[in-house]
Amino acid sequence: MSYAAGNRCKVSRMTDEERELARCKQEIARLKQLVVQLSELVLRNVAENTEERKSQGG
């Protein structure tokens, strides 16, 4: 394999790795957003349950 061919392969591999890294970063951002949404739902549910218990006198 010539130097140029080997170098092209390395550049291509890095490009693939960079694409995979970008994809992973997007997935992490999406998962963080889902965690935030889930936390909001849980907190809202806790607050509603607390209000229901207060209104029932318990």
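Colleague: Would you mind going over the pattern of salt bridges with me for this structure?
Modeller: Tallied over the full model, the rule gives 3 salt bridges. In this structure, Glu20 and Arg23 form a salt bridge, with 2.8 Å as the shortest nitrogen-oxygen distance. Pair noted here: Glu20 and Arg23 are both in helix α1 (residues 3-55), with a separation of 3 residues, about one helical turn. Look at Arg23 and you get partly exposed, because its relative accessible area is 44%. The salt bridge partner of Arg30 is Glu27, with a shortest N-O separation of 3.0 Å. Of this pair, Arg30 and Glu27 both sit in helix α1, 3 residues apart, roughly one helical turn.

Colleague: Would you take a moment to explain a nonpolar patch on the surface for this structure?
Modeller: On the surface, Leu38, Leu41, Val42 and Val46 cluster together to form a nonpolar patch covering roughly 370 Å² of accessible area. Relative to the helices and strands, Leu41 resides in helix α1. Overall, Leu41 belongs to the partly exposed group, its relative accessible area being 48%.

Cut-offs and rules
- Residues numbered from 1 in each chain as written.
- Predicted model: local features only at pLDDT ≥ 70, side-chain atom pairs only at ≥ 80, totals over all residues.
- Heavy atoms only, no water.
- Salt bridge = Lys/Arg side-chain N within 4 Å of Asp/Glu carboxyl O.
- Helix = DSSP H or I, 4+ residues; strand = E, 2+ residues; numbered from the N terminus.
- Buried < 20%, exposed > 50% of the residue type's maximum accessible area, 1.4 Å probe, protein only.
- Patch = residues over 30% accessible without salt bridge, like charges linked within 9 Å, V, L, I, M, F, W, Y side chains within 5 Å.
- Areas by Shrake-Rupley, 256 points an atom, 1.4 Å probe, with all protein chains shown as cover.

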